[in-house]
Structure formats: C-alpha cells, structure tokens
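One letter stands for each residue in the lines below.
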Amino acid sequence: MTLEMISSLYTAPATEALSQILEIICEVVVASKDVLIEKRIFAELAHYLQRLESVIKELNKKGIIHSENLNNAIDIFNREIKLAKQLTLECSKKNKVYLLMNCRSITKQLENITRELSHALSLIPLASFDLSSGIVEEIGKLCDNMGTAEFKAAIAEEEILEKIEAGIQERSVDRSYANNLLVLIAQTLGISTERSSLKKEFEEFKNEIESAHVRKNMAEAIQMDQIIALLGRADVASSPKEKEVRYFTKRNSLGSQPLEPLQSFYCPITRDVMTDPVETSSGQTFERSAIEKWFADGNKLCPLTMTPLDTSILRPNKTLRQSIAEWRDRNTMIRIASIKPKLLSENEEEVFNCLEQLQDLCEQSDLHQEWVVLENYPPTLIKLLGERNRDIRIQSLLILCTLAKDSDDAKVKIVEVDNSIESIAHSLGRRIEERKRAVALLLELSRSDLARDRIGKVQGCILLVVTMLSSDDNQASRDARELLENLSFSDQNIIQMAKANYFKYLLQRLSSGPEDVKCIMATTLAELELTDPNKSSLLEDGVLGSLLPLISNGDLPMKTVAIKALKNLATLPKNGLRMIKEGAMPPLLDLLFHHSPAIPSLREQAAATIMHLAISTMSQETEQLQVSLLESDDDIFKLFSLINLTGPDIQKSILRTFFALCQSLSATNVKAKLRQHLSVPVLVQLCELDNPEVRPNAVKLLCCLTDDGDEATILEHVDQRYVETFVKIIKSSTDEDEIGSAMGIISNLPEDPQITRWFLDAGALPFIFNFLHDTKQKGPCKDQLIENAVGAVRRFTVSMNQELQKKAAEAGIIPALVQWLELGTTTTKKHSAISLAQLSQSSPRLSRPLPKRGGFLCFSAPLESACPVHRGICSVESSFCLLEADAVGPLVRVLAEADPGASEASFDALLTLIDGELLQSGSKVLADANAIPLIIRLLGSSSPTLLEKALNAMERIFRQVEFKQKYGASAQMSLVDITQRGSSSTKSLAARILAHLNVLHEQSSYF
C-alpha cells in the first residue's frame, strides 16, 4: 500500500468530522441573531466561531494526519459546538423572563464553551501542518482571546437579579415591590408593560418552571418557585376574583376576635412585640435594635442568662419573624373588617377617627391596601365624599388615593362605583386642600384606561383641572398638568381642554396628528369663542405654522376649516400683522383668485380672513416697520376687480378690506391705485343697490376716496344721478354709519355751483340741517356724522352766493354751527368755523344802515342799537353777524386749542371782523374777547400759514396806538425771534410790526 493511500485512510474520518463541525458553526452563527437575551454575548461568541471556522477550513485544505491531540481537539470541538447550538436554540425559544432569571447561568455556560474551544485549538499539532506564519499567528491570537474571554450579564439584568434575591431573602416585600420589579423586567426585556402582556409573560414563565419540575431539576425548580412566590404578589399574577377567593377563605377561618400575642413574640428587653427578631450566641431571641444597643452600651453578657455572648453573632430568627408576621396579618384582617361598619355612624368624630386608623393601616403595607379593597371599602369611601364635614371628605380622598396607587385592581374597583368620578370631580371645586387631594386621586386613576375614558366625560371636570394649573400649590399644579397629559389620549378631551383655554395638546394634534384629527382640531379652533389673550398665545405657540400648510396643501374640507380658524385668530390686530409677515396672504389670495366659484364658502372665508388682516394694518404705528398687505399693484387691481365677479358676502369683505387699507400707513398709495383703476364708477353702482351688506361698505370706501382726492378726477364721475343717489341714502337709510359716510361724500365733493344746485334740487339741505340740531346722542358714528354734516354745510355758505347763505341762515344753521363750536370734535369745529367765516364775509354788505331820526325826539320810536363792528343793524338771519350769533367767544376758545386746523379756521372767522374798514371796531371786539393775546401766541406756531396770518393780523392791529401800547411788549420777543429764524416773508412782516413798535427803524434792511 502506498503512502498516499495510507494517508487518505487516516485523513477521511478527520475531514468528515471537521466538515460536520463547520456546518454546526454556521447554524450557531445564524441562530445567534435570534436569541431573546444576552444578544451582545452571543454576538461575541458568533464572532469567535467565525474566526474558528476560518482556521478549520484552512486545516481542511492541508493533509490531516491523525494524532491523539488532534482527535481530542476534534472531540472537544464537536462537544462544545453542539452545546453552543443547544444553548443558542434554547435562548431563541424559551420564555424571556425564564431566560432572564437564568442569565448568569447562560453567560457562564457561554464562557466555559469559549474557553473549552480555546483549549481544543491549543491541542492541534500545528507543526504537522504546512501552515503559513500568518495563519499560525492568527490561531495563536484566537486561542489567547477565547481562553481569556469573560462574559457577564448586563448591568440592568444584574440589578434585577439582585432585587429578586433581596426580595426572596426579605420575605416581607409588598405588592408595590413586586409590581415595580415586574415592570422593570418588562422594560429590560422589551416587553409591553400593559397588564395583558405582563400577565401573558408571567403565565409562560410559570409553564417553563413546570417543565423544570418535569425535568427533575430540583435546584432550579426550588429557585424558580421562590421567584414565582415573589412575583406572584404583583397585580397581574392573579385575577381579582382569585385574590378575593383566597382572601375570604383565609379571613373567614380566623374568627372575629383578634388574638393576643404569644409570650415568645415579646422582646425580653423592650417588652414589646418584636419586628426584627435575632438570635444571639446563647440561643436567646431579642429585637435587633434592642440587643445592638445592649452591646453598644458595653454589655457582653446575655440579658436573660447572663452568660458571655459573642457580640459578632446575631442570626435572624426567620421562623419567629414569620410567626409574628402571620399573627399581625391575622389581627389586621379582623381589624380592617371591623372598621367598615363604623364608617356609617352618624357621629362625625367617630367616622373621622376610623378613617385615620384605616389610613394608618394602608400606609403600613401594600398588602393591607389590597385587603381594604377586597373588603369593598371604595363604595363607602366614595359615599363619604358627599358628607358636609370637609375633614372627612379630605381623609376619604387620601385613602382612595393610597389604594389606587400602583394597583390596577383598586383603580377598577373605585371607577366602577356609581358616580365615583363625578363625586371626586365635585371636590375639585372646593377649597385648595380638598382640590389638591382630588386631583391627586384623579391622576392615579387616570393611569387606568377605564378611568381615563370616564374622567373626560364628567361635565366640568376638565375645566376644573385646567384651572388648577395656576394653583399656588406647586404639587397640585404638577398633578393637574400630568392628569391633562394622561387625558390627552382622547380627541374629545383635547377639545374640552381647548374650551377651557388650554391648547397644548390641540396644537400638538394640529401639528403632527393624522389628517382627520388635524381637521377636527382646526374645526375646534374655528368655532371657539377665543379671548384676545388666547388668540395671542396661540400664535406665539406656533399655530400659524400648522394652519398655513393645511390651507395650501389640504383637501377642500381641510382648507375650509383651516381658513375659518385663521380668520378667528386674525380678528386680533397683533395677530393679523404677524400673519401677514409670516406669509398668510399668498395662499389666501390664491384661493380667492383661482378657486372655483362653484365653491363660494371657501372663497367667502378667504375674503373675510383677508379683510381681518387688512383691519390689522390700521393698528400699525408710524415708527414700526411697515407691513404691506398687498405687495403689488397687480394684487390691488385683481382684488378690486373681484367686486364685479362675486356675490354679496365676498363683495362686502373686499370693500371692507380696501376701506381698512385706506386708513393704514399705505393709505396714500392704495387710494391712488384705486382712483387710477377707475373704482369710483364701480362704487357708485354699488351705492345704487339696496343690499344692506354691500351698499354701506361701498359708501364708506367711496367717502375715503373722495377725501383729499383730485377734484378734476372726481368731477369726471359726478352727475345729477350721482348726487341723487347719496341724497336718497341720507333720507332713507337707518344706518347712522352709512349716513355719515354719504354725508362725507357730499362734504368732500368740490364746491361747484352746479353740484350744489343738484343737492338743492334733490332736497338735501333740510335733511343735512336736521342732523345738526341733534346734540343728545354721542359716539364715534354720531361724531363722524356731525363732522361730515357740518362739512357738507360749507357748500351752502359760500360767500359768492348770498341767496344760498340766506336759505341756510333762515334754516337756523348759524346757531347750530355756533353750538358745534362748543360740542363738536376738532374736525367739526374746523368745518363750523369755515362756514361761519364764509357767512361773516357777507356781513358788511348785509348790515343795514341806521335810520335817520326825524320830527320830535319825544315822539320818535327808539333807535335800534348799532352793531359794534359793522356800525349798522345786524341780525343772525339777515346779516349773519358773528356778534349777534354770540360766536366770537366760542371762536376764541377754538383759537386757543392745539389742533392747527381748527385753530386756523376759527382765526379766519375772527379775521373777518377786522377786514378792511372794520379794523378799528373789530380790533376792540377781539380785545374785549381776549383774542389778541391768543393771536400773539400764534406767532410761535409751527404752521407757516397760521404764522403768516397772525403776522398780518398783528401788523394791522398794531397800526392802532391803543393796541400797540397795550399788547406790543408781549409780542416783541416772538417778533424778534421771527426776524432771526423765520422765512424771508415772515421776517419782513415781523420787522414791519417791530417798526410800528419803534423797535426797528422803518428804513431797516428787513423791509
């Protein structure tokens, strides 16, 4: 037989064994990805196995010659790789909790497997293989790495195991400890903390333990039984019915009388029943704290036997401790059952004392709380919430809160009591201490799905909780905030919160909720009656960033409600300005310009929102950066053009939009563009309609456009029909604002004789005068109406038409004008003074000369007194005399006012008294009315025209020695100042007056 044949006989079995090992390695590596626990360690093992796989493949390529060491290595590889596979598969299939409880054992097995594989690798006779130095070096590294590998359970897993060991050793751990431990286990393993999920995992865990019993693994079974006993105290471990059956089975076996403690329960030192009994080296048992103090005081002998003690030996007497605990539990069960009937007593003090005892028992142990619930205390405690005694109500709330904490079963029991949530919510409206307890209880209950559903449905409950957010008690405020967060699972609850002015969760849903929820939240915002502070805070909290995308990208229903919400918020001017800045206008204009007219409601809402944004521009201050609603002339023209293409609702909004813009900082530009767009004919047509929504707004806008407008442009569109339209409105409208605007149009129209004639023919004069005689009503609309009515009167008092002036005087207009000098706004006073000035200009021509007296004086009729100014016979109706109308005093008072327009108009009226030949007599009247000091004051006016008029007046008055001597000194400083700082014309006038006063020579260079 050749050498090659012999070699192949030895090589074949080894190669086959290594191939099988390679297959199993692949299976382990794949399975390691599906393990339920210790994923990191299994991944590390898989990494080692993959490196080992490379080594084995390299050996397989070489000729393998059997040796004892190689056979031992292959046997170890085979055994350990199969163990790794078995362990990996078990960790992929078994219950997660069971695996967690065994995580230390699992990591230890993985560590042993890795080290055994390292040992096997070290047995391979590498010298018999033709291997490169690199491969040999890699095998050496792998051998070292696997040989020193240390696997430990994760820190979180170790913490859980330590808690379990402590709980098993302590024995007296309560339900809360078990509940928290089970939640911690679930969180570590990635299991849902919902009750149903926890219960399922717990049941599967118990099934795994039963399998351990079947496998006769007694050590593991005992350990797992202890863990089951510990976790079995959690709420999910058994159903409420199972707990009730166990409890009453035990309680009914106890009798009704508490037992006295056994003598062995007492500590020989303290003579009290022990809590933590420990045994000394003498075999005697004492309370731990008592014997430790005995030793600390220097005593070395047993207190009972007086024999020497080893002070280092104190063994817990677990048996006695368990007996004492069972005795205490028995008596506590009986005591809890006995308290319940006493709570029905009519003696309030007895009831309160019983509640305090019950609270003490509940605070001692979670187990006591469970017994209180099983004794069905919740209905009784809920009933006590209706008692008049506040202390009883507060104590009942406190106990209910203690019971509900960390116990789902107790929460359900409380919630299922008839009207329980209503009774608790009622306490939210009482004093702070009771409110604090009630909100804390509701917070605990809200951690139950059943309670969360019911709390939001109780009328007024969410409102009361929201009010507690601003409580002075920080804990109550925090509880209220957390309660609202728990209730925010329901859209209806969120709507209730918004109605109570708490918008946090509405804004969250509006921003990131599903489309249908966004629509609901936007609808809520649209329908709420928001206060101004709420509107402001909503915008500050970012609602605009959620609404604008809905307007741009939402479907039709979404766009509609989003625009309604935007409109609701835009009614606050501050919000409107911010919306314009943040780009609200483009999507609104796009909807208005391009959306189908077949869907009018959407366009109506868009137009109404734009109107509110326009109104907000009226609130801008001149020093602020100007916000422009319509960015381009094209937007202005397109928006106004829609008036002829839309229905009344949109027309009204557009008209009000432009009216608002005509009151804003951009008024000049907007008015110019509208006039350029030939808007006047369009507005006149709308004014001819009888639509009560459209016509008043068209009249108001037209009034704005005719104010300070180009007369030639206005006259192009004014005809008799135009005039008759506005006279008809004055006569027939019941809208005072509309009448005022129509009156404003009459006032603003050029004082053209033909236009005035058309107004007379249309019968406007008596209606205008009628408004001036009503001085009782006040208000902005009334003020505007009077302003415009007095302004309209000016065209009927022009000095070129004395016939028209007489009609006005005969209608009693002059006394009314004088009256409005006293009562009107500054604009009304200005218009009144202008009309009086125009009338007064005709007075010199209309004043009748005094009749000559003839015959005997004793038989002559007494002469009429002459007018001090006009030196003839004057009257209000015949000569329009300002003195006869008692207008001089009111005009002087207006002259003293700060408004330059009103002051100048009154000055013009007073100047008619010193015009021409009236200088001497008129100056005396002005002096008597104390007007001259006021005229001197006007020398300091910032108005150039008013200053020049004052200088001209003073120059004429100071021609008279009497007035020069009396008032010259008081005017001198102002006149000198004008000669230094004034314009060339005012300097010249001031110098001339100073020459009258002999301050300057008449040949001065100033002239």
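All values reported here derive from a predicted model rather than from experimental measurement.

S.K.: Kindly report on the overall build of the protein, identifying the contributing residues and their values.
M.R.: A tally of helices and strands in the protein yields 55 helices and 3 strands. Radius of gyration (C-alpha) of the protein: 51 Å, far over the 30 Å computed for a compact globule of 1007 residues. The principal-axis extent of the C-alpha atoms belonging to the protein is close to 175 × 100 × 65 Å. Looking at the protein as a whole, 49% of its 1007 residues qualify as buried.

S.K.: Tell me what's going on with the packing of helix 2 (residues 39-61) against helix 3 (residues 68-93), and back it up with residues and numbers.
M.R.: Closest axis-to-axis distance for the helix 2/helix 3 pair is 12 Å, and the angle between their directions is 150 degrees. In this structure, the crossing between helix 2 and helix 3 has a hand that is left-handed. Residues Phe42, Leu45, Leu49 and Leu52 of helix 2 touch helix 3, and the partners they reach there are Phe77, Ile81, Ala84, Leu87, Thr88 and Cys91.

S.K.: Run through the side chain of Lys671, naming residues and quoting values.
M.R.: Turning to its location among the elements, Lys671 is positioned in helix 35 (residues 667-676). Buried charge Lys671 goes without a salt bridge, the closest partner of opposite sign being Asp707 at 4.6 Å. In terms of polar contacts, Lys671 uses its side chain to reach the backbone carbonyl oxygen of Cys704, at 3.5 Å. Once residues lying within four places of it in the same chain are set aside, the contact partners of Lys671 are Cys662, Cys704, Leu705 and Asp707.

S.K.: Let's hear about empty space enclosed by the protein: which residues, and what values?
M.R.: The final tally for this structure, using the stated rule, is 3 cavities of 30 Å³ or more. The space that makes up the largest cavity amounts to roughly 50 Å³. If you trace the largest cavity, you find it lined by Val97, Leu182, Ile185, Ala186, Ile191, Leu198, Glu201, Phe202 and Phe205. For the lining of the largest cavity, the secondary structure elements donating two or more residues are helix 8 (175-189) and helix 9 (195-214). Considering every element that reaches the lining of the largest cavity, the biggest residue donor is helix 9, with 4 residues.

S.K.: Describe unusual backbone geometry, with residues and values.
M.R.: The phi dihedral of Arg871 falls on the positive side, at around 60 degrees, and the residue is not glycine. For Arg871, the location among the structural elements is in the loop between helix 47 (843-846) and helix 48 (876-879). Here Asp886, not a glycine, exhibits a phi torsion of approximately 55 degrees, which is positive. Mapped onto the elements, Asp886 comes out in the loop between helix 48 and helix 49 (888-895).

S.K.: Describe the packing of helix 28 (residues 543-553) against helix 29 (residues 556-570), with residues and values.
M.R.: Packing of helix 28 against helix 29 leaves a shortest axis separation of 8 Å and a crossing angle of 140 degrees. Here the hand of the crossing between helix 28 and helix 29 comes out left-handed. On helix 29, the residues that touch Val543, Leu544, Leu547, Leu548, Leu550, Ile551, Ser552 and Asn553 of helix 28 are Met558, Lys559, Ala562, Ile563, Ala565, Leu566 and Leu569. Tallied by class, the residues present in the contact of helix 28 with helix 29 amount to 12 nonpolar, 2 polar and 1 charged.

S.K.: Which residues make up the sheet that holds strand 1 (residues 277-279), and what values do they have?
M.R.: The antiparallel open sheet is built from 3 strands, whose spatial order is 2-1-3. Only two strands of the sheet have a single neighbouring strand rather than two, namely strand 2 (285-287) and strand 3 (315-316). Looking at chain direction, strand 1 and strand 2 are connected through 3 bridges and run antiparallel. Its bridge partner lying in strand 2, Glu279 is registered against Thr285. Seen against the sheet, helix 12 (residues 288-296) touches strand 1, strand 2 and strand 3 and runs at an angle of roughly 95 degrees to strand 2.

S.K.: Could you give an account of a negative patch on the surface, with specific residues and numbers?
M.R.: A surface patch of negative charge is lined by Glu356, Asp360, Glu363 and Asp391. With 3 residues, helix 14 (residues 348-364) is the single largest residue contributor to the negative patch. Residue position: Glu356 is located in helix 14. Residue classification places Glu356 among the partly exposed residues on the basis of a relative accessible area of 34%.

S.K.: Kindly report on the confidence of the model for the protein, identifying the contributing residues and their values.
M.R.: Put simply, the protein has an average pLDDT of 86, and 93% of its residues get 70 or more. A low-confidence stretch, residues 1-11 stays under pLDDT 50, and its non-local contacts, those more than four residues away or across chains, total 6 contacts.

S.K.: Can you tell me about the layout of surface pockets, naming the residues and giving the values?
M.R.: What the second largest pocket holds in volume is close to 880 Å³. For the second largest pocket, the lining is made up of 34 residues, of which Arg195, Ser407, Asp408, Lys411 and Arg447 are closest to its centre. Listing elements by their share of the lining of the second largest pocket, those giving two or more residues are helix 8, helix 9, helix 11 (240-251), helix 15 (366-374), helix 18 (408-415) and helix 21 (449-455). In the lining of the second largest pocket, the residues fall into 10 nonpolar, 5 polar and 19 charged.

S.K.: Lay out the packing of aromatic side chains with the relevant residues and their values.
M.R.: Taken as a whole and judged by the stated rule, the model has 6 aromatic pairs. Aromatic pair Tyr247 and Trp371: ring centres 6.3 Å apart, planes at 35 degrees, arrangement tilted. Here Tyr247 is found in helix 11, whereas its partner Trp371 is found in helix 15, with 124 residues between them in sequence. In this structure, Tyr247 and Trp371 share a single accessibility class: buried. With 5.6 Å between their ring centres and 70 degrees between their planes, Phe640 and Phe658 make a pair best called edge-to-face. Here Phe640, found in helix 33 (residues 633-641), pairs with Phe658, found in helix 34 (residues 648-661); they are 18 residues apart in sequence, far enough to count as distant.

S.K.: Go over the pattern of salt bridges, please, and point to the residues and values.
M.R.: Scanning the model with the defined rule gives 43 salt bridges in all. Ionic pairing is found between Glu138 and Arg51, a salt bridge with its closest N-O pair at 3.3 Å. Of this pair, Glu138 sits in helix 6 (residues 133-147) while Arg51 sits in helix 2, and the two are 87 residues apart along the sequence. Look at Glu138 and you get partly exposed, because its relative accessible area is 30%. The shortest N-O distance in the salt bridge between Lys924 and Asp928 comes to 3.5 Å. Placement of the pair is Lys924 and Asp928 together in helix 51 (residues 919-928), with a separation of 4 residues, close to one helical turn. For Lys924, a relative accessible area of 46% puts it in the partly exposed group.

S.K.: A description of the nonpolar core should follow, citing residues and the corresponding values.
M.R.: Among the nonpolar cores identified, the biggest contains 237 residues, and Phe658, Ile814 and Leu939 are the most heavily contacted of them. By residue number, the principal contributor to this core is helix 29, which donates 8 residues. With residues near it in sequence (within four places) discarded, Leu939 still touches Leu947, Ala950, Leu951, Met954, Ala971, Ser974, Leu975 and Ile978. Ranked by size, the runner-up nonpolar core spans 73 residues in total, among them Ile37, Leu142, Ala178 and Leu181.

S.K.: Pulling in residues and values, what's your account of helix 24 (residues 491-499)?
M.R.: Within the span of helix 24, buried status applies to Asn493, Ile494, Ile495, Met497 and Ala498. At the N-terminal boundary of helix 24, the capping side chain belongs to Ser490, with an oxygen 3.2 Å from the backbone nitrogen of Gln492.

S.K.: Summarise the state of the cysteines; cite the residues concerned and give the values.
M.R.: Overall, the coordinates contain 0 disulfides when judged by the stated rule. Just so you know, Cys91 is unpaired, no disulfide at all, and the nearest cysteine sulfur is the one on Cys103, 10 Å from it. Here Cys461 is not cross-linked by a disulfide; its sulfur's nearest cysteine counterpart is in Cys401, at 15 Å. Taking the relative accessible area as the measure of exposure, Cys461 reaches 0% and is therefore buried.

S.K.: Describe helix 41 (residues 753-761), and please don't skip the residues or the numbers.
M.R.: Within the span of helix 41, buried status applies to Ile755, Thr756, Trp758, Phe759 and Leu760. One side-chain oxygen of the residue at the start of helix 41 lies 3.0 Å from the amide nitrogen of Gln754, identifying that residue as Asp752. Downstream of helix 41 by a residue or two, Gly763 has a phi angle that is positive, lying close to 75 degrees.

S.K.: Outline the environment of Ile432, supporting the account with residue identities and numerical values.
M.R.: Residue placement: Ile432 occurs in helix 20 (residues 432-445). Residue class for Ile432 comes out partly exposed when judged on its relative accessible area of 37%. Ignoring anything within four residues of it in the chain, the contact list for Ile432 reads Ser471 and Asp473.

Reading guide: rules and limits
- Residues numbered from 1 in each chain as written.
- Predicted model: local features only at pLDDT ≥ 70, side-chain atom pairs only at ≥ 80, totals over all residues.
- Heavy atoms only, no water.
- Helix = DSSP H or I, 4+ residues; strand = E, 2+ residues; numbered from the N terminus.
- Rg over C-alpha atoms; globule rule 2.2 N^0.38 Å.
- Buried < 20%, exposed > 50% of the residue type's maximum accessible area, 1.4 Å probe, protein only.
- Axes fitted to C-alpha atoms, helices over the stretch in contact; angles between N-to-C directions.
- Left-handed = near helix turned anticlockwise from the far one by under 90°.
- Contact = heavy atoms within 4.5 Å.
- Lys, Arg positive; Asp, Glu negative; His and termini not counted.
- Salt bridge = Lys/Arg side-chain N within 4 Å of Asp/Glu carboxyl O.
- Polar contact = N/O pair within 3.5 Å; in protein donor to acceptor, adjacent residues only side chain to side chain.
- 1 Å grid on protein atoms, 1.4 Å probe; cavity = no way out; pocket = protein on both sides within 12 Å on 5 of 7 lines; lining within 4 Å.
- Points joined across faces, edges and corners; volume = space filled by probe spheres on them.
- Nonpolar A, V, L, I, M, F, W, Y, C, P; charged D, E, K, R; others polar.
- Pairing = 2+ DSSP bridges.
- Patch = residues over 30% accessible without salt bridge, like charges linked within 9 Å, V, L, I, M, F, W, Y side chains within 5 Å.
- Areas by Shrake-Rupley, 256 points an atom, 1.4 Å probe, with all protein chains shown as cover.
- Charge placed at Lys NZ, Arg CZ, Asp CG, Glu CD.
- pLDDT = per-residue confidence, 0-100.
- Phe/Tyr/Trp six-rings, centres within 6.5 Å; stacked < 30°, edge-to-face > 60°.
- Core = buried A, V, L, I, M, F, W, Y, C linked by side-chain atoms within 4.5 Å.
- Disulfide = S-S within 2.5 Å.

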